[in-house]
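# Per-entry structural report
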Amino acid sequence: MNNYTVDVEQTGKQIELRWITVSELSPHPKNPRIGRPDKVDSIVESMRSDGYRPEKPMLVRPYESAYQIIGGHSRHLAAQEAGIDQVFCAIESMEDLSLIHI
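An account of the accompanying structure is given in this report. Computed from a prediction, not measured in an experiment: that's the story for all the values here.

## Looking at the overall build of the chain
For the chain, the count of helices and strands is 2 helices and 6 strands. In the chain, the succession of α and β elements from N to C terminus is β-β-β-α-β-β-α-β. Looking at the chain as a whole, 35% of its 102 residues are labelled buried. Here the analysis covers contacts within the chain between residues at least 6 apart in sequence; of these, 75% occur between residues at least 24 apart.

See the structure below:
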């Protein structure tokens, strides 16, 4: 599968888009949104019938030797439950101080 790099004009940053193995992802410990079972269940159903939809990439950052989830915690839980091996992610390098939208 192809990897893509996108220049974000407004911020001057580059974001890489690519498929990442679910096991390489870990939740951010300060995630305020605990996955609601009803929301996760509906995502699981969708993933089981349609697979992971690449038009809804998860936002992750490089962290240690893998990636940390910034946005998409419910999709991550659902992918695990649905048996999805890879998810489409937008990878952006960022420090904890810049994570005010979590």
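Here the narrative resumes, following the displayed structure.
## Focus: the layout of surface pockets
A volume near 160 Å³ is recorded for the second largest pocket. Around the second largest pocket sit Ile 43, Ser 46, Met 47, Gly 51, Tyr 52, Arg 53, Lys 56 and Arg 75, which together line it. Looking at the lining of the second largest pocket residue by residue, the class counts come to 3 nonpolar, 2 polar and 3 charged.

## Overview of the environment of Cys 89
Among the structural elements, Cys 89 can be located in strand S6 (residues 86-91). Here the alpha-carbon distance between Cys 89 and Trp 19, two residues 70 residues apart in the chain, equals 6.0 Å. Setting aside residues no more than four positions away along its own chain, Cys 89 makes contact with Glu 16, Leu 17, Arg 18, Ile 20, Leu 25, Pro 57, Met 58 and Val 60.

## Considerations on the pairing of strand S5 (residues 66-71)
Here strand S3 (residues 25-27) pairs with S5 via 3 bridges, running parallel. By the bridge assignment for S5, Ser 26 is matched with Gln 68. As paired strands, strand S4 (residues 58-63) and S5 are joined by 5 bridges and run antiparallel to one another. Counted as the bridge partner of Arg 61 is Gln 68 from S5.

Rules used in this analysis
- Residues numbered from 1 in each chain as written.
- Predicted model: local features only at pLDDT ≥ 70, side-chain atom pairs only at ≥ 80, totals over all residues.
- Heavy atoms only, no water.
- Helix = DSSP H or I, 4+ residues; strand = E, 2+ residues; numbered from the N terminus.
- Buried < 20%, exposed > 50% of the residue type's maximum accessible area, 1.4 Å probe, protein only.
- Contact = heavy atoms within 4.5 Å.
- 1 Å grid on protein atoms, 1.4 Å probe; cavity = no way out; pocket = protein on both sides within 12 Å on 5 of 7 lines; lining within 4 Å.
- Points joined across faces, edges and corners; volume = space filled by probe spheres on them.
- Nonpolar A, V, L, I, M, F, W, Y, C, P; charged D, E, K, R; others polar.
- Pairing = 2+ DSSP bridges.

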